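Residue-level structural notes
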Amino acid sequence: MGREWAETIRESAAIATLDEAGSTNDELARRAVTDAAAWPDLSVVVTDTQTNGRGRLGRVWVAPPGECLAISVLVRPATPSGAALDPERFGWLPLLAGAAMTRALRRLTDGAAIDLKWPNDVLTEGRKLSGILSELLPDLSGVVIGAGVNVTVASEALPTPTSSSLLVLTGERFDVDAVASAYLREFRPLYDAYLASGGDAERSGLRAEVRGVCGTLGSRVRVELPGGADLVGVARDIDGDGRLVVEDENGRLQSVAAGDVTHLRY
Ligand SMILES: O=C(O)CCCC[C@@H]1SC[C@@H]2NC(=O)N[C@@H]21
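Basis of the calculations
Residues numbered from 1 in each chain as written. Predicted model: local features only at pLDDT ≥ 70, side-chain atom pairs only at ≥ 80, totals over all residues. Heavy atoms only, no water. Axes fitted to C-alpha atoms, helices over the stretch in contact; angles between N-to-C directions. Helix = DSSP H or I, 4+ residues; strand = E, 2+ residues; numbered from the N terminus. Parallel < 35°, antiparallel > 145°, perpendicular 65-115°, else oblique. Left-handed = near helix turned anticlockwise from the far one by under 90°. Contact = heavy atoms within 4.5 Å. Nonpolar A, V, L, I, M, F, W, Y, C, P; charged D, E, K, R; others polar. Phe/Tyr/Trp six-rings, centres within 6.5 Å; stacked < 30°, edge-to-face > 60°. Near = heavy atom within 4 Å. Polar contact = N/O pair within 3.5 Å; in protein donor to acceptor, adjacent residues only side chain to side chain. Areas by Shrake-Rupley, 256 points an atom, 1.4 Å probe, with all protein chains shown as cover. Pairing = 2+ DSSP bridges.

Observations regarding the packing of helix 2 (residues 93–108) against helix 4 (residues 176–196)
- At a minimum axis distance of 8 Å, the contact between helix 2 and helix 4 shows a crossing angle of 135°. With respect to helix 4, the element helix 2 is oriented oblique. Where helix 2 crosses over helix 4, the handedness of that crossing is right-handed. Contacts from Leu93, Leu96, Ala97, Ala99, Ala100, Met101, Arg103, Ala104, Leu105, Arg107 and Leu108 in helix 2 reach Ala178, Val179, Ala182, Tyr183, Glu186, Phe187, Leu190, Tyr191 and Tyr194 in helix 4.
- Split into classes, the residues belonging to the contact of helix 2 with helix 4 amount to 17 nonpolar, no polar and three charged.

Thoughts on the packing of aromatic side chains
- Overall, the coordinates contain three aromatic pairs when judged by the stated rule.
- Taken together, the ring pairs in this structure connect Tyr183, Phe187, Tyr191 and Tyr194 into an aromatic cluster.

A closer look at the site of the ligand
- For the ligand, the set of nearby residues contains 20 residues, the closest of which are Ser23, Gln50, Arg54, Arg56 and Lys128.
- Here Gln50 contributes a side-chain N or O atom positioned 3.0 Å from a nitrogen atom of the ligand.
- Interatomic distance of 2.7 Å between a backbone N/O atom of Arg54 and a nitrogen atom of the ligand.
- Burial of the ligand by the protein amounts to 98% of the accessible area it has alone, namely 410 Å².
- The element that contributes the greatest number of residues to the shell around the ligand is strand 8 (residues 127–136), accounting for four residues.
- Its residues placed into classes, the shell around the ligand shows six nonpolar, 10 polar and four charged.

Here we look at the sheet that holds strand 7 (residues 121–124)
- Spatial ordering of the open sheet is given by 1-2-5-9-8-7-6, a layout of seven strands whose pairing is mixed. The open sheet terminates on both sides in strands that have one partner only, identified here as strand 1 (15–18) and strand 6 (115–117). Here the strands of the sheet are splayed against their neighbours by 15° on average, with no regard to which way each runs.
- Contacting strand 5 (68–75), strand 6, strand 7, strand 8 and strand 9 (143–150), helix 2 crosses the sheet at an angle of about 150° to strand 8.

Here's what the structure looks like:
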């Protein structure tokens, strides 16, 4: 991989472009913790060959070598005056990354039907193009936001029947580096606006941005809640804390902070 996108990241930030990595999230978290000064805000670890990728909810993220982007961005959010942002405000970061990836993949594909599934899967026609895993550093000083994108994976090599790739969607073999570049170019302005507002999703326009790309809104959904219970209803909104607001079958509004969403319209 090249690093044609390096100028989209702050000059002070560190970049590691690896021929191969176990998990880019693990690589970046290790560096961020062992050498915090060398790995400031917006540092990046990236590869196209990730051998031990991890997904949300303890799942494995499978990526055929050389055919997927695995990119992790370290954020150490601070207010405009330089104070560390309250970790309570970090909840919007996975949604920010999901919105950035949705915008990036739409832009690359000239506006293909690509949407965000709350909280941060990027889908085309119900199939997953990209997944995001955000992990807090153990000392709470930052968050590693990892994103995987299926780029040149052929349909027979897709990891699951519910996944897709940019190749399958468009017939085009995108360069993995160009996908990284498109993502970081979308990520940066959303993140800068979020920081400038002190982590206020409303004031920075982030909430509006996420609602604008989120295909979950208006869909009938089943949400597998963390305890194992299911909630079925219509997704109505994303509230000020980034929670999904679902109108259940009795017409009651329920706010969901975490869960696995299935769109029932497909
Ligand atoms: O859909 C999911 O469950 C999230 C998948 C996240 C995969 C990315 S690839 C880069 C980063 N490194 C990892 O080990 N996981 C994330």
